[in-house]
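# An overview of the molecular structure
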Amino acid sequence: MDLNSASTVVLQVLTQATSQDTAILKPAEEQLKQWETQPGFYSVLLNIFTNHSLDINVRWLAVLYFKHGIDRYWRRVAPHALSEEEKSTLRAGLITNFNEPINQIATQIAVLIAKVARLDCPRQWPELIPTLIESVKVQDDLRQHRALLTFYHVTKTLASKRLAADRKLFYDLASGIYTFACSLWNHHTDTFLQQVSSGNEVAVLSSLERTLLSLKVLRKLTVNGFVEPHKNMEVMRNIGVDNVCRDRLEKTIILFTKVLLDFLDQHPFSFIPLIQRSLEFSVSYVFTEVGEGITFERFIVQCMNLIKMIVKNYAYKPSKNFEDSSPETLEAHKIKMAFFTYPTLTEICRRLVSHYFLLTEEELTMWEEDPEGFTVEETGGDSWKYSLRPCTEVLFIDIFHEYNQTLTPVLLEMMQTLQGPTNVEDMNALLIKDAVYNAVGLAAYELFDSVDFDQWFKNQLLPELQVIHNRYKPLRRRVIWLIGQWISVKFKSDLRPMLYEAICNLLQDQDLVVRIETATTLKLTVDDFEFRTDQFLPYLETMFTLLFQLLQQVTECDTKMHVLHVLSCVIERVNMQIRPYVGCLVQYLPLLWKQSEEHNMLRCAILTTLIHLVQGLGADSKNLYPFLLPVIQLSTDVSQPPHVYLLEDGLELWLVTLENSPCITPELLRVFQNMSPLLELSSENLRTCFKIINGYIFLSSTEFLQTYAAGLCQSFCELLKEITTEGQVQVLEVVENALKVNPVLGPQMFQPILPYVFKGIIEGERYPVVMSTYLGVMGRVLLQNASFFSSLLNEMAHKFNQEMDQLLGNMIEMWVDRMDNITQPERRKLSALALLSLLPSENSVIQDKFCGIINISVEGLHDVMTEDPETGTYKDCMLMSHLEEPKVTEDEEPPTEQDKRKKMLALKDPVHTVSLQQFIYEKLKAQQEVLGEQGFQSLMETVDTEIVTQLQEFLQGF
């Protein structure tokens, strides 16, 4: 591509590509895509985005295309890779001038230089770092800033490389430039502090930006640039806590605390010399008067995280046997013990509870103006790392756990001062009690032996839930939350009806926050190990109705998800008992599904609810199909974007729908069209996919196999080429089930797979679990469709270029030899029945293998025969009858429709209907009739005498 002539053309097309008119935009994008692999294209782009006289949007697009090209074509092994000559020219051009005036474009240029550096620095680009170091020294503000910005992105990128050779290069780089990086940061910090006093706002902001960038560089070098940073005096001096600007520069301080936190996380032993000063620094600013008026929330959060990480760090915890601990661990432990004295711990505990746990004015205002937003803020997942309230609670839990013997009396004393009701006019007293109750809930496990919670619940907490004054609502909410924290720790089963009564009342509370918190406690209650359905059922209708009303009332996606989750838990625990009460929910869910089209996580919650609903409704879930099946269809269609979020739950819903379906419907059968692309994904959901396929086979094997077996068989053949051993077993178990359910149609439909199985047996598959499955599949064919087995044997004889009899003999020999690979009793009996089905026979090969067949048969008898102690006779324990109805205890799930189908299938399965004892006797008798007495005796003499003796014992009475 000639640069001069090409620049004009590329510039014109880039200009068209910034158009809002799709008729102009689309052809331009297509043209740019074609040019991506043209030599010289990226040199043209470089000329364009470094030409500051051109339109900003065009230059921005040129940078983006250049960056895209680095990702795709810079590596030497990439298809259409850039030539080394062009790359050399581009590298030189990128660092010629650091004078980009537009911030956004400057950032993109810095990022793309870093991308090139990741691939080429230092080997192909040794001049990059020296050029950057020289450029950050220049006096021109713009050039200095842009060079520093690039220096940061390059350092950040090189620090992220993880290969050993790359780490060594970065260590070398860090040791070479660390002194310079320190002086750079000190210089910009000093400059900033001087500018602050000058009052020149523009200069202050400019200097602050350089200070932050230089500290970011220093952070990457400090944390990632040294194998043993504690041995480098400059690193340790730089990381020290007594920095001059810590109380004047919020962003610098936060970044500096991040350096400390990262350093502690990555190098706990190197951090040991800093433990004492870090704790003194953090505790003084957060838990004493020192910090009053000068600290800010993000700084307090960082300090609390620092204390928490020191308290919890496993590297600082000695073994039970102190002699087994390293000297570094003992040193850290000694420092911690010396610092966390009784007065210090007491002060931290009291300040956490009485100061940081108090609901603030902002929180109370949010409660009134945005109650759902308030509840979401209160329960934010990993927000303890960034937000003050959850951070204080996590710190309290960790310190209380670590020093519970010291702190338990302190918290109990705070509890004692709050006995009895609190004056609703005294808001401060209400908030103090809320804070103390919060602490008691958070420390529930530690207080197990110290608090008689059952008495406290009856005498103190229950009466407080009955105070309906509006100003008492923080305590109503806190008390029901507190009970939720203790429910799995210490709460008598006899008290649950009283709690359920209270929950019913609170679900009707005038305050929405109280109702949402009550729903949360209800979930914890029904999830608890000691939950009893009989205690809960009298309150089920009321609670379910109130929860449904709450679901309708809340508007936020997160809150609806939460309430749906509570409903799901209730449905799951009471199972079929829910049937009379779900009508309203069943009618509402289609509307909610439609409304949540843009909220995939809410749709996931709906899917979970539907899973439990279907399980609770059992066969009646068929009435939901008009809504249920389109939901499954959408959730499991990999061509639809939402499947990324919905697939896992959608597959689970599909499975339980099949398991509870009383009969196949055309619509349910049609959903299976989604399966083929799912099998091609070969994802972690394959196991569920195989269960779904089995579900269809059990539900309606003939219709299902006639419709889908051809495509399914093709998918299986592809899977078997590349799938894991476990995956092969799952594929073959599907085939085995099809043969079991439909012995006539199954072998025909899966005919392409059976030669693969036969070959695996003949060649002696080395994985026992796979061989066991092969023998299970072949056992079904041989026992239940002998004519098909004969045609398969004929086909394989042609493939192996062997006589049929010879091949049959080899198969029997391998089967006998690998019988120990089979561990499932059902499959072992199946093998015995299958091989016995070859008798009676005059075939010399089968007679030659007679000994092995009898050996397997006797092994099978040992597996399945149990002796009646009264009569001394043997009985096949695998035989089933229609009269056997398993008893379902209260704790067990009732059988699904699929369970019933499997039971009916078992009643037709030779493994469960044919007595192995009887079968052996009849086959031996038939063989005797074929050969005559003398011939039969000669045949029996080929069997070991001990095996014959055991066989005679089992066949007594025949």
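Residues numbered from 1 in each chain as written. Predicted model: local features only at pLDDT ≥ 70, side-chain atom pairs only at ≥ 80, totals over all residues. Heavy atoms only, no water.

Looking at an unreviewed UniProt entry, the protein carries the name Importin-11, with the source organism given as Cavia porcellus. What UniProt states about the protein under its Sequence similarities (unreviewed entry) heading is, verbatim, "Belongs to the importin beta family." Under the UniProt heading Subunit (unreviewed entry), the entry covering the protein gives this text: "Interacts with UBE2E3 and RPL12." (UniProt positions renumbered as here; feature names shortened; annotations may be inferred.)

### Brief notes about the nonpolar core
Core analysis: the largest hydrophobic core is formed by 325 residues, its most contacted members being Phe396, Trp654, Ile693, Tyr696 and Phe716. Looking at this core element by element, the count peaks at 17 residues for helix α34 (residues 686-722). Three or more residues apiece are contributed to this core by two domains, here domain 1 (579-662) and domain 2 (858-955). Residue contacts for phenylalanine 396: discarding those within four places in its chain leaves Cys349, Leu352, Val353, Phe357, Leu411, Ala439, Leu442 and Ala443. With five residues, the next largest nonpolar core counts Phe192, Leu193, Val204 and Leu208 among its residues. (Core = buried A, V, L, I, M, F, W, Y, C linked by side-chain atoms within 4.5 Å. Buried < 20%, exposed > 50% of the residue type's maximum accessible area, 1.4 Å probe, protein only. Helix = DSSP H or I, 4+ residues; strand = E, 2+ residues; numbered from the N terminus. Domains from an automatic or database assignment. Contact = heavy atoms within 4.5 Å.)

### Some remarks on the pattern of salt bridges
A full pass over the atoms with the stated rule returns 37 salt bridges. Put simply, arginine 496 and aspartate 528 hold a salt bridge, and the shortest N to O gap is 2.4 Å. With arginine 496 in helix α24 (residues 496-506) and aspartate 528 in the loop between α25 (512-527) and α26 (533-553), the pair connects residues that are 32 residues apart, well separated along the chain. The two residues arginine 496 and aspartate 528 agree in class, both being buried. (Salt bridge = Lys/Arg side-chain N within 4 Å of Asp/Glu carboxyl O.)

### Focus on the environment of glutamine 898
In this fold, glutamine 898 is placed in helix α44 (residues 897-906). Accessibility expressed as a relative area gives 6% for glutamine 898, which makes it buried. On a C-alpha basis, the gap between glutamine 898 and proline 662 in space is 8.3 Å, while along the polypeptide they are 236 residues apart. Ignoring sequence-local partners within four residues, the contact set of glutamine 898 consists of Leu658, Glu659, Gly695 and Phe698.

### Re helix α7 (residues 128-135)
Buried within α7 we find Leu128, Ile129, Leu132, Ile133 and Ser135. Mapping the buried residues of α7 onto a view down its axis gives an arc of 165°, with all of them on the same face. (Arc of directions from axis to C-beta.)

### Examining unusual backbone geometry
In this chain, cysteine 121 is followed by proline 122 through a cis amide linkage whose omega measures 5°. Look at histidine 80: it is not a glycine, yet its phi comes out positive at around 60°. Within the element layout of this structure, histidine 80 appears in the loop between α4 (56-73) and α5 (84-94). A positive phi angle, close to 50°, is found at asparagine 575, a residue other than glycine.

### Some remarks on the environment of leucine 732
The topology assignment puts leucine 732 in helix α35 (residues 725-741). Classification of leucine 732 as buried rests on a relative accessible area of 0%. Along the primary structure leucine 732 and aspartate 426 are separated by 306 residues, whereas in three dimensions their C-alpha atoms are 72 Å apart. Once residues within four sequence positions are removed from consideration, leucine 732 is found in contact with Ile753, Val757, Thr773, Tyr774 and Val777.

### Things to note about the state of the cysteines
Put plainly, a disulfide is one covalent bond tying together the sulfur atoms of two cysteines. One pass over the structure, following the stated rule, counts zero disulfides. As a non-bridged cysteine, cysteine 569 has cysteine 604 as the owner of its nearest cysteine sulfur, 16 Å distant. (Disulfide = S-S within 2.5 Å.)

### Observations regarding the packing of aromatic side chains
Summed over all chains, the structure comprises 35 aromatic pairs. On the basis of an interplanar angle of 80° and a centroid distance of 5.9 Å, the ring pair of phenylalanine 281 and phenylalanine 299 is categorised as edge-to-face. Here phenylalanine 281 is found in helix α13 (residues 272-287), whereas its partner phenylalanine 299 is found in helix α14 (residues 297-312), with 18 residues between them in sequence. Per residue, the accessibility class of phenylalanine 281 equals that of phenylalanine 299, and both read buried. With a centroid separation of 4.9 Å and an interplanar angle of 55°, the aromatic rings of phenylalanine 672 and tyrosine 708 are classed as tilted. Placement of phenylalanine 672 in the loop between α32 (666-670) and α33 (675-681) and of tyrosine 708 in helix α34 is noted, with a sequence separation of 36 residues between them. Comparing phenylalanine 672 with tyrosine 708 shows no difference in burial state: the two are buried. (Phe/Tyr/Trp six-rings, centres within 6.5 Å; stacked < 30°, edge-to-face > 60°.)

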